[in-house]
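One letter stands for each residue in the lines below.
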Amino acid sequence: MLSTTLKAGLADYAIGEKIRALRLKKKMGLVELGQHAGLSPALLSKIERDLLFPTLPTLLKIALVFSVGLEYFFSGPREAPVVAVVRKTDRLRFPEREGAVGAFHFESLDFPATERRFNSYYAEFTASEPTTLRRHQHGGAEFIYVLRGTLVLHVAEDEYRMGQGDSVYFDPHVPHAYQRGGARPCHALVVTTP
């Protein structure tokens, strides 16, 4: 149980309010955020309403969904220009979905930068069987540049096959899914906007 002093000190950071603002900016519900972060919607609701303060591992799970660093929740207004270098050795690898086998793994390329206007990822597409496809949709825009291999992009009822050096820009409001084409590894740069 937290003392009144600790509760007041934590309330100053408005962590719940910041999480809610990020979630609404992405037009994401509590259930969807919970699926991506591996947390229950009830827990997230309590955190957003400041009825419960998250542990650092819980807050980090939430931060990674929104591609922000922990400092986003604890820092004041920015005083210096944003410069965020991400070393290859510092990148963390995540599956498409927490606790599930998915069509791809991704690594955030810009997670330390706060107030980003876009999110960039290095993705490895692993699924080559159509039965493993999981369609999803989100706001903003999406751009993919194939670095190596063959990628099959499913957008609505259409299928686009792209090879090394090919790129695509599309509206991700439409349900879409990714599939590796063939047996060779497929890697791509993926950029999304909020």
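Anything mentioned here points back to the structure above.
Everything numeric in this text was worked out from a predicted model, so none of it was measured.

**Some remarks on the sheet that holds strand β7 (residues 167-170)**
Two strands in a sheet stick together by hydrogen bonds in their backbones, pointing the same way (parallel) or opposite ways (antiparallel).
And then number 1: Overall, antiparallel pairing links the six strands, which are arranged β1-β2-β3-β9-β4-β7 in an open sheet. In the strand order of this sheet, the two ends are held by β1 (93-95) and β7, each with one partner. Mean inter-strand twist for the sheet, computed between neighbouring axes without regard to direction, equals 25 degrees.
And then number 2: Bridge count between strand β3 (residues 119-125) and strand β9 (residues 186-192): seven bridges; the pairing is antiparallel.

**Description of the packing of aromatic side chains**
And then number 1: One pass over the full model with this rule turns up four aromatic pairs.
And then number 2: Note on Tyr13 and Phe74: the rings are 5.4 Å apart at their centroids and 75 degrees apart in plane angle, and the pair reads as edge-to-face. With Tyr13 in the loop between α1 (4-11) and α2 (15-25) and Phe74 in helix α6 (residues 71-74), the pair connects residues that are 61 residues apart, well separated along the chain.
And then number 3: Overall, the relative accessible area of 36% leaves Tyr13 in the partly exposed class.
And then number 4: The exposure class of Phe74 is partly exposed, given its relative accessible area of 35%.
And then number 5: Sitting over the face of the ring of Tyr122, Arg91 holds its NZ or CZ atom 5.4 Å from the ring centroid.

**Here's the deal with the pairing of β3**
And then number 1: Here β3 lies mainly inside the structure; five of its seven residues are buried.
And then number 2: Taken together, the five bridges between strand β2 (residues 104-108) and β3 define a ladder with antiparallel strand orientation. Its bridge partner being in β3, Phe106 is matched across the sheet by Ala123.

**A look at the pairing of strand β8 (residues 176-180)**
And then number 1: Counted residue by residue, β8 has five buried out of five residues, so it is predominantly covered.
And then number 2: Where strand β5 (residues 151-155) meets β8, five bridges bridge the pair, whose relative direction is antiparallel. Looking at β8, one finds that Val152 is bridged to Gln179.

**Let's talk about a nonpolar patch on the surface**
And then number 1: A cluster of nonpolar residues, Phe143, Tyr145, Leu147 and Tyr169, forms a patch on the protein surface that exposes about 400 Å² of accessible area.
And then number 2: A per-element tally of the nonpolar patch places strand β4 (residues 142-148) first, with three residues.
And then number 3: Take Phe143: its relative accessible area is 31%, and that puts it in the partly exposed class.

**Description of the nonpolar core**
And then number 1: Ranked by internal contacts, the top residues of the largest apolar core, which has 18 residues, are Phe125, Ile144, Leu151, Leu153 and Tyr178.
And then number 2: At the level of elements, β2, β3, β4, β5, β7 and β9 are the ones that each hand at least two residues to this core.
And then number 3: Not counting the four nearest positions on each side in its chain, Leu151 is found in contact with Phe125, Ile144, Val146, Tyr160, Arg161, Met162, Tyr178, Gln179, Gly181 and Cys186.
And then number 4: Leu33, Leu39, Ile62 and Val68 belong to the second largest nonpolar core, which has 16 residues in total.

Each value, and the rule that gives it
Residues numbered from 1 in each chain as written. Predicted model: local features only at pLDDT ≥ 70, side-chain atom pairs only at ≥ 80, totals over all residues. Heavy atoms only, no water. Pairing = 2+ DSSP bridges. Helix = DSSP H or I, 4+ residues; strand = E, 2+ residues; numbered from the N terminus. Axes fitted to C-alpha atoms, helices over the stretch in contact; angles between N-to-C directions. Phe/Tyr/Trp six-rings, centres within 6.5 Å; stacked < 30°, edge-to-face > 60°. Buried < 20%, exposed > 50% of the residue type's maximum accessible area, 1.4 Å probe, protein only. Lys NZ or Arg CZ within 6 Å of the ring centre and 35° of its normal. Patch = residues over 30% accessible without salt bridge, like charges linked within 9 Å, V, L, I, M, F, W, Y side chains within 5 Å. Areas by Shrake-Rupley, 256 points an atom, 1.4 Å probe, with all protein chains shown as cover. Salt bridge = Lys/Arg side-chain N within 4 Å of Asp/Glu carboxyl O. Core = buried A, V, L, I, M, F, W, Y, C linked by side-chain atoms within 4.5 Å. Contact = heavy atoms within 4.5 Å.

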